[in-house]
Amino acid sequence: MAAKTPRLRLAVSLLACATMIAGSPADAQDEGQEEGRNEASPSDDAPGTDAADDAQAGRGQVYQPDYFSQYAPRNALDMVRQIPGFSISGGDDDQRGLGQADQNVLVNGDRLSSKSDSTRDQLSRIPAGDVVRIEIVDGTTLDLPGLTGQVANVIVESTGASGQFRWEGGFRPHNTSAELFGGEISLTGSYGALDYTVAFSNENNRFGADGPTSITDGMGNLLETQESKFSGRFDNPELSVNFSYDISSDTVANLNMSFRRNRFFARDPEIGIPVSGPVRTRFSERGNKRPSHEISGDIEFPFGPGRLKLIALDSYAEREFESTVIDSFDDGSFDSGSRFGQVNGSGERIGRFEYGWKMLSADWQLSGEAAFNRLDRVSELFELDTGGNFVELDFPEGTGGVKEDRFESILSFSKQLTPALALQATAGAEYSKIEQTGAAANSRSFQRPKGSVSLAWKLSSDFDMSVELARRVGQLSFGDFLASVSLNDDNQNAGNNELVPEQSWVLEAEINKSLGPWGSIKLELEQSWISDFIDFIPLPDGGESRGNIPSANSTGLEFTGTFKFDPVGIPGAQLDLRIEREISSLLDPLSGETRAFSHNRDFEFGADFRHDIPQSDWAYGVGTFHFHRQPYFRQGEIGRDYEGPVFLDIFVEHKDVLGLTLNASAGNLLGARNRFERTVYDGSRIEDPILFVENRNRRIGPIFRFSVSGNF
């Protein structure tokens, strides 16, 4: 199926052409060494020695700090971003428990244990001066179950206390206020056997769009024109503290704490002018506030013939959400409107052990995890009466609680079969019990097998591939068990107390090819066979809810590459290219016809050119991005929301203005717009006539952003 897609054939052709350009493996190896990617063995007392040994076994590439000097990096994130053909993935804070490693970045051979702080956040707090080297290896060759494909192992050694700061600001000419309070300040250092990092950050954004919307009937006749002006903002201040303590030469403990207070607010006023009837003015706003915390810790020590690691995590978040919509009319008729509110409390507690040992010339690990998740929700729905007061309506199905107790155990086996071939296999199972309270109380339990098998093959020093077949269990959104309302779109979702997690067989393959001085390329393929896929399903009473579809599948391909221009006489210039294509299919639960997944991004293209001008502190660049999204399907409507067609950004950077790095960018220079299209039916979309067609086309406008970063 994938082979018949033109874009997939293009990606495969690019891989083949680039391989021919690269020349022989020996040439590529020599050229890589000239660029600072050395493979000298570390000293025995160097941090991360075990991972470095694994890198040597897999003949991984090693990037020394000198390789990154042209970019003047401030931290480890700046360095990892410049590794040819590598992109950070994994570490999703919505993943099911802690589970096995899925982040493709390690620090001193260890996975990052915090769920609330992203991989990028944690790398950005490691000063560049503390980075000894970065090793690129295949995850299958490591004794960390769950990792396959390229993995970056950042070897770090503290050089004393140092701090970093970054201020980010920006503005848009239309619809929004300025962004003034974004950025982060962090302090990293050591005191004896204690390493510490303290960081305060604020993710700060302002956004908006304005423009017309047309409402027509099924024959295309105009019913109403609308003008709307959407604007919104969010601020996510966070305090993070991380401690690492070397209790002895072979025992280390870590403690991570984070505290957040997220705030979001959006306003979407609208004026509707019908072909006949009164002019309508809409007041619409929604917002939420969400304080949360996460505390996690781990300790690793020798135990018997191996090493034991104990991990614990506790997180909790409160969310208060409110949405209000009021329509007023110019003919003096009564206002109409609704208000919907939710108060949520959600938490997660995890205990996990990992015991690893060597036996039969292989690495073994036995792991066990207990995870306890919970959601408590109170929902309220109001309607505006003729006196202008909100009167509460009965909405018991929106209030209740959901909790899941889950236990899993997995045995893993990793072995270097030959100097060029490595095997990793895991097998285990999980047991879970889901209980729901409230109007639709229910209790169920499940047992599911889990596991994987992967192979990594190093064909030469600059060419490797890996393949993995895995059985996975997805994470449920507990909010889908309870009813909710979207006032702006005039939609209501019923709750579903029979939801079960998605299960899938996933086949993944990754091919990496170094092009020596020309850069590198990567090709990733993924095939998923999914059971109990979650999408909207019709209910017997005519409503709809999130529910399970028996089967679905998807085929994806992603091509990424870094192409350097030094060989053609433009030193310091490079092009990063990404092409992604996905084909998905399921049987629509209403029509029985085959269609794609709702909201699925089935094509993405991104290209970024950067030029660091030699013998200067200046850099500039340009980037473009385009994506296509499939429509969504509900019982009574089909729609598509997207932005585009093409985004174009430019930037200029100076790396030493009184010791600071200054960056200025201008985005959306081609005028990409915010679009929303939907067809709403007078009942079922397969049986009833079209009620109206909505077509929204709003201006985003240019986006200007600035950043200042430095060290102290």
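This text follows the structure it describes.
Summarised in this report is the structure supplied together with it. This structure is a prediction, so every number in the text was calculated from the model and none was measured.

Time to look at the overall build of the protein chain. Counting secondary structure elements, the protein chain contains five helices and 35 strands. At 27 Å, the protein chain has a C-alpha radius of gyration in line with the 27 Å of a compact globule built from 712 residues. Each of the 712 residues in the protein chain was classed as buried or not, and the buried ones make up 51%. For the protein chain, long-range pairs separated by at least 24 residues make up 65% of all intrachain contacts whose partners lie at least 6 apart in sequence. Counting every atom, the protein chain has about 31800 Å² of accessible surface; 56% of that belongs to carbon and sulfur. Seen as two clouds, the 67 positive and the 107 negative side-chain charges of the protein chain have centres 1 Å apart.

Right, let's get into empty space enclosed by the protein. Regions of empty space are outlined by a rolling probe, equal in size to a water molecule, passed over the atoms. In this structure the tally under the stated criterion is six cavities of 30 Å³ or more. Quantified by volume, the largest cavity comes out at close to 280 Å³. Lining the largest cavity are 31 residues, with Ile136, Gln150, Lys458, Asp464 and Asn512 sitting closest to its centre. Of all the elements in the fold, those that place two or more residues in the lining of the largest cavity are strand 1 (61–63), strand 3 (131–138), strand 17 (421–438), strand 18 (442–460), strand 19 (463–473), strand 22 (503–514) and strand 23 (519–538).

Judged by side-chain charge, Glu322, Glu380, Glu392, Asp394 and Glu397 come together as a negatively charged surface patch. By secondary structure assignment, the location of Glu397 is in the loop between strand 15 (390–393) and strand 16 (400–418).

Attention shifts here to the nonpolar core. In this structure, Phe68, Val80, Ile83, Phe86, Leu123, Ile134 and Val154 are the most contacted members of the largest nonpolar core, which totals 23 residues. For this core, the leading source of residues is helix 4 (residues 76–80), giving four residues.

Counting through the fold element by element, Asp588 comes out in the loop between strand 25 (573–587) and strand 26 (594–595). Owing to a relative accessible area of 4%, Asp588 belongs among the buried residues under this scheme. From its side chain, Asp588 meets the backbone nitrogen of Ser591 in a polar contact 2.9 Å long. One polar contact links Asp588 to Arg595, side chain to side chain, over a distance of 2.6 Å. Among all residues touching Asp588, those that are not within four sequence positions of it are Glu593, Arg595, Phe633 and Arg685.

By the definition in use, this model includes 19 aromatic pairs. Between Phe207 and Phe230, the aromatic rings sit 6.0 Å apart at their centres with planes inclined by 35°, giving tilted as the arrangement. Residue Phe207 is found in strand 7 (residues 194–216), and its partner Phe230 is found in strand 8 (residues 222–248); the two are separated by 23 residues along the sequence. Both residues of the pair, Phe207 and Phe230, count as buried. On the basis of an interplanar angle of 45° and a centroid distance of 6.1 Å, the ring pair of Phe207 and Phe234 is categorised as tilted. Here Phe234 lies in strand 8 and Phe207 lies in strand 7, a separation of 27 residues in the sequence. An aromatic cluster is present here, built from Phe303, Tyr355, Trp357, Trp364 and Phe413 joined pairwise through their rings. Above the face of the Phe536 ring, Arg634 is positioned so that its terminal group lies 4.2 Å from the ring centre. The ring of Tyr642 has Arg640 lying over it, and the distance from NZ or CZ to the ring centre is 3.9 Å.

What follows covers the pattern of salt bridges. This structure, assessed with the given rule, holds 49 salt bridges. Where Arg601 meets Glu604, a salt bridge forms, and the shortest distance between an N and an O atom there is 3.3 Å. Here Arg601 falls in the partly exposed class, since its relative accessible area comes to 31%. Residue classification places Glu604 among the buried residues on the basis of a relative accessible area of 11%. Several salt bridges share partner residues, and in doing so they unite Arg111, Arg352, Glu354, Glu369, Arg406, Glu408, Glu430, Arg448 and Lys450 into one network.

Scoring rules and cut-offs
- Residues numbered from 1 in each chain as written.
- Predicted model: local features only at pLDDT ≥ 70, side-chain atom pairs only at ≥ 80, totals over all residues.
- Heavy atoms only, no water.
- Helix = DSSP H or I, 4+ residues; strand = E, 2+ residues; numbered from the N terminus.
- Rg over C-alpha atoms; globule rule 2.2 N^0.38 Å.
- Buried < 20%, exposed > 50% of the residue type's maximum accessible area, 1.4 Å probe, protein only.
- Contact = heavy atoms within 4.5 Å.
- Areas by Shrake-Rupley, 256 points an atom, 1.4 Å probe, with all protein chains shown as cover.
- Lys, Arg positive; Asp, Glu negative; His and termini not counted.
- Charge placed at Lys NZ, Arg CZ, Asp CG, Glu CD.
- 1 Å grid on protein atoms, 1.4 Å probe; cavity = no way out; pocket = protein on both sides within 12 Å on 5 of 7 lines; lining within 4 Å.
- Points joined across faces, edges and corners; volume = space filled by probe spheres on them.
- Patch = residues over 30% accessible without salt bridge, like charges linked within 9 Å, V, L, I, M, F, W, Y side chains within 5 Å.
- Salt bridge = Lys/Arg side-chain N within 4 Å of Asp/Glu carboxyl O.
- Core = buried A, V, L, I, M, F, W, Y, C linked by side-chain atoms within 4.5 Å.
- Polar contact = N/O pair within 3.5 Å; in protein donor to acceptor, adjacent residues only side chain to side chain.
- Phe/Tyr/Trp six-rings, centres within 6.5 Å; stacked < 30°, edge-to-face > 60°.
- Lys NZ or Arg CZ within 6 Å of the ring centre and 35° of its normal.

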